[in-house]
Amino acid sequence: MTTLGYTIVFVSDMARSVAFYRDIIGLPLKNQSPSWSEFATEGCTLALRKSEAHSAQPSEVADITAGTCHPGFFVQDIDAFAAKMNQAGVAVVLPVKLTGFGARMGIWRDPDGLPLSVFESR
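Keep in mind the model is a prediction, meaning the values are calculated, not measured.

Novice: Lay out the environment of S17 in plain terms, naming residues and giving numbers.
Specialist: Residue placement: S17 occurs in helix α1 (residues 14–25). Along the primary structure S17 and D112 are separated by 95 residues, whereas in three dimensions their C-alpha atoms are 8.1 Å apart. Not counting residues up to four positions away in its chain, the partners in contact with S17 are V11, L48, P111 and D112.

Spelled out as structure tokens, the structure:
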């Protein structure tokens with residue numbers, strides 16, 4: 001097994017989360033329903049699944065509980081992406097910075113508090 005086919009993000013409000021991932025993040029919507037939606041991304045499908053369960057959100061990325069997910073995305077221009085996120089009022093966890101492994105990245109939260117790492121493509 002060498003290919004990741006999909007990742008599921010459990011969400012509390014499907015319409016709000018679809019709008020976030022489609023309109024703010026910029027992912028192409030493949031299909032949408034009240035309980036399951038998918039985005040067509042290169043190599044892997046991002047799926048949203050409606051969930052009624054809520055858990056306390058960690059205050060920092062280092063506090064994330066084992067068994068949770070932290071998706072990562074690549075963008076061509078992280079400064080333009082960061083400006084778009086800031087303009088939309090998306091919560092920032094880690095402002096854009098150069099990492100120890102040589103990539104520029106930032107971390108934001110989706111509407112349910114899930115951290116999303118965004119890396120600038122080289």
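Novice: For the pairing of strand β8 (residues 115–120), give the residues involved together with the corresponding values.
Specialist: By the criterion of burial, β8 is predominantly enclosed, with five of the six residues buried. Summarising the sheet, strand β7 (residues 104–109) and β8 pair through five bridges and their orientation is antiparallel. Counted as the bridge partner of I107 is S117 from β8. Counting the residues between successive antiparallel strands, the hairpin from β7 to β8 contains five residues, one of them, G113, with a positive phi of roughly 95 degrees.

Novice: How would you sum up helix α2 (residues 78–87)? Please name residues and give values.
Specialist: Looking only at α2, the buried set comprises I78, F81, A82 and M85. The buried side chains of α2 occupy one side of the element, clustering within an arc of 100 degrees when seen end-on. Residues of α2 that are buried make contact with α1, β5 (72–75), β6 (92–98), β7 and β8. Two to three positions downstream of the cap, the backbone nitrogen of D79 sits 3.1 Å from a side-chain oxygen, assigning the N-cap of α2 to D77. G89 lies just past α2 and shows a positive phi near 75 degrees.

Novice: Break down the sheet that holds strand β1 (residues 6–11) for me, citing the residues and quoting the values.
Specialist: Spatially, the four strands line up as an open sheet ordered β1-β4-β3-β2, and their pairing is mixed. The strands lining the two open edges of the sheet, one partner per strand, are β1 and β2 (29–32). Neighbour-to-neighbour, the strand axes of the sheet open up by a mean angle of 20 degrees, direction not taken into account. Looking at chain direction, β1 and strand β4 (residues 45–50) are connected through six bridges and run parallel. Pairing of T7 across the sheet is with L46, part of β4. Each of β1, β2, β3 (36–40) and β4 is contacted by α1, which is oriented at about 160 degrees to β4, the strand it contacts most.

Cut-offs and rules
- Residues numbered from 1 in each chain as written.
- Predicted model: local features only at pLDDT ≥ 70, side-chain atom pairs only at ≥ 80, totals over all residues.
- Heavy atoms only, no water.
- Helix = DSSP H or I, 4+ residues; strand = E, 2+ residues; numbered from the N terminus.
- Contact = heavy atoms within 4.5 Å.
- Buried < 20%, exposed > 50% of the residue type's maximum accessible area, 1.4 Å probe, protein only.
- Pairing = 2+ DSSP bridges.
- Arc of directions from axis to C-beta.
- Polar contact = N/O pair within 3.5 Å; in protein donor to acceptor, adjacent residues only side chain to side chain.
- Axes fitted to C-alpha atoms, helices over the stretch in contact; angles between N-to-C directions.

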